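For reference, the chains in residue letters:
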Amino acid sequence: MPFDNIKTFLQKYNLEEVDGAKVEKRKHVSILSGIRKIYKKAGVLGFFTGWRIKLFVNFINSSFTVVLLEYLENLQALKSD
């Protein structure tokens, strides 16, 4: 999750608004300076922002995948008989 937060920060920080549209800045923030900015702003916890929703989304996706695979296995077993 920390790498995802760094990536999202860099994507957000490297955009600017021009005439109401978001465009890339000419000068990009490096990964290292992005890490420094996150740490300076929120400390170590800044790297784990949003972990609850990410955990929830992963749980829902995993649950859906397991249910779908079980259904497909049962469907395949019925066709084999």
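Our structure's up above, just so we're on the same page.
Because the structure is predicted, anything quoted here is derived from the model rather than measured.

Asks: Could you clarify how one ought to interpret the nonpolar core in this entry?
Replies: If you look at soluble globular proteins, the nonpolar side chains tend to sit buried side by side. With five residues, the main nonpolar core is built from I6, L10, V29, I38 and F47. Not counting residues within four places of it along the chain, the set of residues in contact with I6 comprises I31, I35, I38 and F47.

Asks: Just to check I follow, could you spell out the pattern of salt bridges for this structure?
Replies: Side chains that differ in charge, positive against negative, can pair when their charged atoms come close. Throughout the structure, instances matching the rule amount to two salt bridges. Measuring nitrogen to oxygen at the nearest pair gives 3.6 Å for the salt bridge that ties D4 to K7. One end of the pair, D4, and the other, K7, are both in helix 1 (residues 2–13), three residues apart, so they sit about a helical turn from each other. Residue D4 is classed as partly exposed on the basis of its relative accessible area of 32%. Under the relative-accessibility criterion, K7 is labelled partly exposed at 41%. Of the charged contacts, one joins D4 and K54 as a salt bridge, the two residues approaching to 3.2 Å between their closest N and O atoms. Placement of D4 in helix 1 and of K54 in helix 3 (residues 51–80) is noted, with a sequence separation of 50 residues between them. Several salt bridges share partner residues, and in doing so they unite D4, K7 and K54 into one network.

Conventions and cut-offs
- Residues numbered from 1 in each chain as written.
- Predicted model: local features only at pLDDT ≥ 70, side-chain atom pairs only at ≥ 80, totals over all residues.
- Heavy atoms only, no water.
- Core = buried A, V, L, I, M, F, W, Y, C linked by side-chain atoms within 4.5 Å.
- Buried < 20%, exposed > 50% of the residue type's maximum accessible area, 1.4 Å probe, protein only.
- Contact = heavy atoms within 4.5 Å.
- Salt bridge = Lys/Arg side-chain N within 4 Å of Asp/Glu carboxyl O.
- Helix = DSSP H or I, 4+ residues; strand = E, 2+ residues; numbered from the N terminus.

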